[in-house]
Amino acid sequence: MKASSRTFPLVLLPVLCFLGATIAAQQPPQPVDGDFVIRDFHFRSGEVLPELRLHYTTYGKPQKDAAGRVLNAVMVIHGTGGSGQQFTGPNFAGVLFGPGQLLDASRYFIILPDAIGHGHSSKPSDGLHARFPHYEYADMVEAQYRLLTEGLSVNHLRLLMGTSMGCMHSWLWTETYPDFMDAALPLACLPVQIAGRNRVTRKIILDSIRTDPGWLNGEYKEQPRGLRTAIYLLMIMGSSPLQMQKQYPSRDQADAYLDSSLQSRIASTDANDLLYQVDSSRNYDPSGQLESIKTHVLYINSADDFINPPELGIAEQQIRRVKQGRFVLLPISDQTRGHGTHTLPAIWGSYLKELLAESQP
């Protein structure tokens, strides 16, 4: 397919969301959880971790051809601060992994890894705190590759999907392992170095934690107050103005939402973990090798994404360099959810269907 950009017809959005809600009633099978341990993992920083634990969740079973090549593997990579578990709920698994759905778990082997520093994989809060190796995106992608090839005996992906940070990982995957997958669906990111407002917001998060006297160089006994500032900013970065106005139309409702969300996030977030998660993007920049990508790429952003605003024009510019690439910009609607639109396949599922058809081996 030729490199191009395209917007989502507004008239289709309610139809797709209705179809998604209907299909969601057909639940996928129960997922299976596992752990894979890599001994003496060497990071780009020069640091070494004697045991790197990678947690993962799977649906279905691998299928191989006569030569032993896996034919049906799909990997979905989560965003900053998330985990593979975010894809097991009704809005994602219930729309994609059930009987007769696009990624029916009876036909596909679906892999949902927890990236380094996230979920149940090895992370600073396990005990090393600020002595944990300073990982970056390239380390996370290498670990995912080793999980697939060494831990799960997967030597090929039918499809690679990624949301937010996982979207950025997808670009690195297609460049680092160009023959490993048939198709890639990056959702909600830009294939360039993180700069401008995106970098500024990340630097604010980092500084709010590191400059807090209560951080104590990572050896705090209670979460430092700077974590509140970081969470405030993350809430704005991931929000949709249209949806927030609809859901919290009064001052008191907005205040109540802020208070409850802050307390919930503080209870489930560790400052060192968040610091490392945000800092891991520091060396990300796939822009120099976009021409080397061989796989079919369908790249999707939404127009109400604070982190990747459409007025930058970067996505449309860079996708022209991808030989079999196409970009889709979803316009703001009652169905989009800002940056979080990436986890709502009821909205962009028709494009995934096109990608699977176009990339059929």
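A short tour of the structure in this document, coming up. (Residues numbered from 1 in each chain as written. Predicted model: local features only at pLDDT ≥ 70, side-chain atom pairs only at ≥ 80, totals over all residues. Heavy atoms only, no water.)

1. Side note on the packing of helix 5 (residues 196-210) against helix 6 (residues 226-237)
Contact pair helix 5 / helix 6: the axes reach a minimum separation of 7 Å and the direction vectors enclose 160 degrees. When the interaxial angle is binned, helix 5 and helix 6 end up roughly antiparallel. Of the two possible hands of crossing, helix 5 and helix 6 adopt the one that is left-handed. In contact with Thr201, Ile204, Ile205, Ser208 and Ile209 of helix 5, helix 6 contributes Gly226, Thr229, Ala230, Leu233, Leu234 and Met237. Residue composition of the contact of helix 5 with helix 6, grouped by class: seven nonpolar, four polar and no charged. (Axes fitted to C-alpha atoms, helices over the stretch in contact; angles between N-to-C directions. Helix = DSSP H or I, 4+ residues; strand = E, 2+ residues; numbered from the N terminus. Parallel < 35°, antiparallel > 145°, perpendicular 65-115°, else oblique. Left-handed = near helix turned anticlockwise from the far one by under 90°. Contact = heavy atoms within 4.5 Å. Nonpolar A, V, L, I, M, F, W, Y, C, P; charged D, E, K, R; others polar.)

2. A word on the pattern of salt bridges
All told, the structure shown has 17 salt bridges when counted by the stated rule. The shortest N-O distance in the salt bridge between arginine 158 and aspartate 182 comes to 4.0 Å. Of the two residues, arginine 158 is situated in the loop between helix 3 (137-151) and strand 6 (159-163) and aspartate 182 in the loop between helix 4 (165-176) and strand 7 (183-187); the sequence distance between them amounts to 24 residues. Per residue, the accessibility class of arginine 158 equals that of aspartate 182, and both read buried. Residue arginine 321 pairs with glutamate 291 through a salt bridge whose shortest N-O separation is 2.8 Å. You can see arginine 321 sitting in the loop between helix 10 (314-319) and strand 9 (325-330) and its partner glutamate 291 sitting in the loop between helix 9 (271-279) and strand 8 (296-302), a full 30 residues away along the chain. Residue class for arginine 321 comes out partly exposed when judged on its relative accessible area of 24%. Exposure remark for glutamate 291: the relative accessible area of 37% places this residue in the partly exposed category. (Salt bridge = Lys/Arg side-chain N within 4 Å of Asp/Glu carboxyl O. Buried < 20%, exposed > 50% of the residue type's maximum accessible area, 1.4 Å probe, protein only.)

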